[in-house]
Amino acid sequence: MAVKRGQIKLLLILAMFVAPFALADLAFRYWKPDSFNNYGELVQATEFRPAGLQAGDGAPFDLSALRGKWVLLLVQAGECDAACRQNLYLMRQVRQATGREQGRIERLLIAERPLPAELAAQHAGLGQARHREWNALTAQLPAGEAFGRIHLVDPLGRLVLRYPPAPDGHRMLKDLQRLLKYSQIG
């Protein structure tokens, strides 16, 4: 039985439309990239809602006020040492480097003690909160060494990225710019 020329054309036209979907499905199922473009470590997106946060005056800290914004979060145990100061500096500089997008980003420090007045003055606009129960707070953070590291919280209130203990500001900025560019929220 001979295949007619019209039938071959019809099959080729159908293959043109079906092949991209079939290849995309195969790539999705079986291809895993060796590396990613992000600098920060992707963490299992979990909602960040620690109970018991307090503002500097002892009043409850309203974490929901930060909803709708990207939050650079630093959790610091003990005094703010040199590494803490460097992380605060990086958070401020990365936020400022985003230019007109900096209104979409907030900075938050959760620490045992409030910052000294001179350091707080250098970091105007930094949200500060205290937490009494550190065990409950660490349950909210990704496994591993969580203290002294910068985390990124998305506008829906979920932890999404964690940066190394001594992060590279330029690479953090690239991550944040990419997220701000493609984000439809926040």
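For the structure, check the block above.
### Thoughts on the sheet that holds strand 5 (residues 127-131)
Part 1 of the reasoning: Across the sheet, which stays open at both edges, the 7 strands sit in the order 1-7-6-3-4-5-2 with mixed pairing between neighbours. Strand pairing shows two members of the sheet lacking a second neighbour, strand 1 (41-47) and strand 2 (53-54), which therefore form its edges.
Part 2 of the reasoning: Across 2 bridges, the pairing between strand 2 and strand 5 is antiparallel. Its bridge partner being in strand 5, Gln54 is matched across the sheet by Arg130.
Part 3 of the reasoning: Strands in contact with helix 2 (residues 82-97) are strand 3 (70-76), strand 4 (105-111) and strand 6 (150-153); relative to strand 3, the strand with the most contacts, it is inclined by about 175°.

### Re the environment of Val71
Part 1 of the reasoning: Its place among the elements puts Val71 in strand 3.
Part 2 of the reasoning: A relative accessible area of 5% places Val71 in the buried class.
Part 3 of the reasoning: When neighbours within four sequence positions are excluded, Val71 is seen to be in contact with Leu66, Glu106, Leu108, His151, Leu152 and Val153.

What counts, and where the lines are drawn
Residues numbered from 1 in each chain as written. Predicted model: local features only at pLDDT ≥ 70, side-chain atom pairs only at ≥ 80, totals over all residues. Heavy atoms only, no water. Pairing = 2+ DSSP bridges. Helix = DSSP H or I, 4+ residues; strand = E, 2+ residues; numbered from the N terminus. Contact = heavy atoms within 4.5 Å. Axes fitted to C-alpha atoms, helices over the stretch in contact; angles between N-to-C directions. Buried < 20%, exposed > 50% of the residue type's maximum accessible area, 1.4 Å probe, protein only.

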